[in-house]
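Below, each chain spelled out in residue letters.
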Amino acid sequence: MSDSPAARLQQLFEGHRLTPTQRRIAHSMVRRAADAPFLSSVELAELAGVSQPSVTRFAVALGFDGYPALRRHLREVAPAESEAGKDAYNEYQQAVQAEIENLRHLAELLADPAPVERAGRLLAASRPLPVLGLRAASSQARGFAYFAAKVHPDVRLLDEGGTMLADRIDAARRAGASALLCFALPRHPKEVVEALAYARSAGLTVVTVADSAFAPVAGHSDLLIPAAVGTGLAFDTACAPMLLGRVLLEAMCDDLPDAQARLEEFDARAAARGLFVE
């Protein structure tokens with residue numbers, strides 16, 4: 001596993017049954033992993049939008065006597081940072097370096113291909129395949145749906161919220177859908193959480209790409225694969241979630257026997273129409 005601050009936190013939280021409030025605290029710590037060992041309980045409570053006693057109960061749920069003990073543990077396991085090396089980068093370079101670390105962590109996560117392979121089978125078998133992504137995640141959902149439509153016979157993009165979202169989920173289920181793919185990124189819209197809960201109640205298996213295993217959508221996902229976002233700039237960057245989406249496409253193609261034939265057919269039609277500039 002990676003020795004990054006986020007990876008160490010993920011390992012610390014794994015195996016514990018956390019309440020929704022505690023998952024929110026864990027999620028906030030993962031997003032600010034480098035700073036987590038130095039946050040006071042009050043600062044962490046403000047960051048997560050919870051009460052200070054909730055932070056104390058969270059530390060106890062992890063097996064510590066209290067939050068000071070948890071913070072001491074995080075400081076003890078944190079490797080010494082090279083301040084000279086860090087200061088050599090400007091803020092834009094630091095953002096790129098953070099994304100490189102996110103991609104490195106994703107690569108290590110994919111050392112066990114079983115979750116992605118399972119997701120590929122679920123997505124390939126669903127006819128139609130609804131793909132959900134709202135607000136910040138809409139571009140991830142749209143990109144996946146664009147490429148997936150070249151190999152999957154029926155992909156339905158759900159990138160607009162509102163009262164008709166449940167109607168579109170119902171329509172997909174009636175047409176034979178068995179799974180739904182969701183891209184969920186910060187800030188997490190309440191509407192996405194509600195849509196996933198509705199999709200599961202309708203009998204769909206929910207596969208989710210989220211920025212953390214402790215994201216608010218975790219409790220409404222049958223299979224969640226995390227890919228961290230960068231938080232060093234004014235707006236989050238999502239290189240790892242985008243790449244994970246392409247990995248899921250590859251896994252889905254592996255379970256679609258006619259995927260290659262569909263791609264070749266598309267290439268032949270594109271050439272006949274002069275669709276692309278050579």
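Residues numbered from 1 in each chain as written. Predicted model: local features only at pLDDT ≥ 70, side-chain atom pairs only at ≥ 80, totals over all residues. Heavy atoms only, no water.

(A) Spatial organisation of the packing of helix α10 (residues 164-174) against helix α11 (residues 190-201). Where α10 contacts α11, the axes come no closer than 10 Å and their chain directions differ by 30 degrees. Relative to α11, α10 is oriented roughly parallel. For the crossing formed where α10 meets α11, the hand is right-handed. Touching L165, A166, I169 and D170 of α10 are E191, A195, Y198 and A199, all from α11. Class assignment of the residues belonging to the contact of α10 with α11 gives a composition of six nonpolar, no polar and two charged. (Axes fitted to C-alpha atoms, helices over the stretch in contact; angles between N-to-C directions. Helix = DSSP H or I, 4+ residues; strand = E, 2+ residues; numbered from the N terminus. Parallel < 35°, antiparallel > 145°, perpendicular 65-115°, else oblique. Left-handed = near helix turned anticlockwise from the far one by under 90°. Contact = heavy atoms within 4.5 Å. Nonpolar A, V, L, I, M, F, W, Y, C, P; charged D, E, K, R; others polar.)

(B) Seen up close, the environment of I25. Relative to the helices and strands, I25 resides in helix α2 (residues 20-31). The class for I25 is buried, based on a relative accessible area of 0%. The contacts of I25, once residues within four sequence positions are left out, are L44, A48, V50, S54, V55 and F58. (Buried < 20%, exposed > 50% of the residue type's maximum accessible area, 1.4 Å probe, protein only.)

(C) Up close: the side chain of H152. Residue placement: H152 occurs in the loop between α9 (138-148) and β2 (155-158). A relative accessible area of 1% means that H152 is categorised as buried. Among the polar contacts made by the side chain of H152, one reaches the main-chain carbonyl oxygen of L123 at a distance of 3.4 Å. Looking at H152, its side chain comes within polar contact range of the main-chain oxygen of S126, at 2.8 Å. Leave out the neighbours within four places in its chain, and H152 touches L123, A124, S126, R127, P128, L129, M252 and L256. (Polar contact = N/O pair within 3.5 Å; in protein donor to acceptor, adjacent residues only side chain to side chain.)

(D) Representation of the side chain of S138. Mapped onto the elements, S138 comes out in helix α9. With residues near it in sequence (within four places) discarded, S138 still touches G133 and D159.

(E) The nonpolar core, seen in detail. Of all hydrophobic cores here, the largest spans 30 residues; its most connected members are F144, L181, F183, L248 and M252. Elements supplying a minimum of two residues to this core: α8 (114-125), β1 (129-132), α9, β3 (179-184), β4 (205-210), β5 (223-226) and α12 (239-254). Among the elements that line this core, the one with the most residues is α12, at six residues. Once residues within four sequence positions are removed from consideration, M252 is found in contact with G120, L123, A124, L129, F144, A148, V151 and H152. Ranked by size, the runner-up nonpolar core spans 26 residues in total, among them F13, I25, A48 and V50. (Core = buried A, V, L, I, M, F, W, Y, C linked by side-chain atoms within 4.5 Å.)

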